[in-house]
Amino acid sequence: MARILITEDEESLRAFVARALRLDGHETVEAGDGAEGLELLSASDYDLLLSDVRMPIMDGIALAHQAASTHPGMKILLMTGFAEQRERADDLMEKIVDVVPKPFALPDIRKAVARALAA
């Protein structure tokens, strides 16, 4: 299974997603913001970065740009509840697999991760 870095500033959502992905057999590592996620990326390899777009310190857009340049083989999947944030990710579309709209149900995020890993 995959090693997944989850960056999400909302702790309850981060824990919910991590728990769901571990049930699918994935290993998850969690970060509360993009800067922490970037530190974790520099320390280890991951198969997938699953990141919220809107976060304090460093947002998911900046994190995705950095991650794509330093880890070109890693898949990137973004999550957002804001339409304007989804549009901000348009310049990343060649670097990311998809943008998952929030709120989502458990089966939705599990399917999105499975599709991202298969891409």
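Bear in mind that the values here come from a model prediction, so they are computed numbers and not experimental data.

## Details of the UniProt feature "modified residue: 4-aspartylphosphate" (unreviewed entry) in the chain
Here, UniProt's "modified residue: 4-aspartylphosphate" (unreviewed entry) annotation points to Asp 52. Mapped onto the secondary structure, Asp 52 falls in strand β3 (residues 48–52). The buried category is assigned to Asp 52, whose relative accessible area is 5%. The contact partners of Asp 52, leaving out residues within four places of it in the chain, are Thr 7, Glu 8, Asp 9, Gly 60, Met 79, Thr 80 and Lys 102.

## Examining the pattern of salt bridges
If you walk through the whole model with that rule in mind, you get 6 salt bridges. A salt bridge links Arg 22 to Glu 30, with the shortest nitrogen-to-oxygen separation between them at 3.6 Å. Accessibility expressed as a relative area gives 31% for Glu 30, which makes it partly exposed. Among the ionic pairs, Arg 110 bridges to Asp 24, the shortest N-O distance being 2.4 Å. Within this pair, whereas Arg 110 is found in helix α5 (residues 106–118), its partner Asp 24 is found in the loop between α1 (11–23) and β2 (27–31), the two being separated by 86 residues in sequence. Given a relative accessible area of 24%, Asp 24 falls into the partly exposed group.

## Overview of the pairing of strand β4 (residues 75–80)
The buried fraction of β4 amounts to 5 of the 6 residues, a majority that puts the element mostly inside the structure. You can see the chain leave β3, run along helix α3 (residues 60–70) and come back into β4, and the turn it takes is right-handed. Across 4 bridges, β4 lies against strand β5 (residues 98–101) in parallel orientation. Residue pairing for β5: Met 79 is matched across the bridge by Val 100.

## A few points about the sheet that holds strand β1 (residues 3–7)
Strand order in the open sheet formed by 5 strands is β2-β1-β3-β4-β5, and the pairing between neighbours is parallel. On the outer flanks of this sheet lie β2 and β5, each paired with one strand and no other. Each neighbouring strand pair of the sheet contributes to a mean axis angle of 20 degrees, computed without reference to strand direction. Strand contacts of α1: β1, β2 and β3, with the helix running at about 170 degrees to β2, the strand carrying the most contacts. Together, β1, β3 and β4 form the strand contacts of α3, whose direction differs from that of β4 by roughly 180 degrees.

Thresholds applied
Residues numbered from 1 in each chain as written. Predicted model: local features only at pLDDT ≥ 70, side-chain atom pairs only at ≥ 80, totals over all residues. Heavy atoms only, no water. UniProt positions renumbered as here; feature names shortened; annotations may be inferred. Helix = DSSP H or I, 4+ residues; strand = E, 2+ residues; numbered from the N terminus. Buried < 20%, exposed > 50% of the residue type's maximum accessible area, 1.4 Å probe, protein only. Contact = heavy atoms within 4.5 Å. Salt bridge = Lys/Arg side-chain N within 4 Å of Asp/Glu carboxyl O. Right-handed = clockwise from strand over helix to strand, strands pointing away. Pairing = 2+ DSSP bridges. Axes fitted to C-alpha atoms, helices over the stretch in contact; angles between N-to-C directions.

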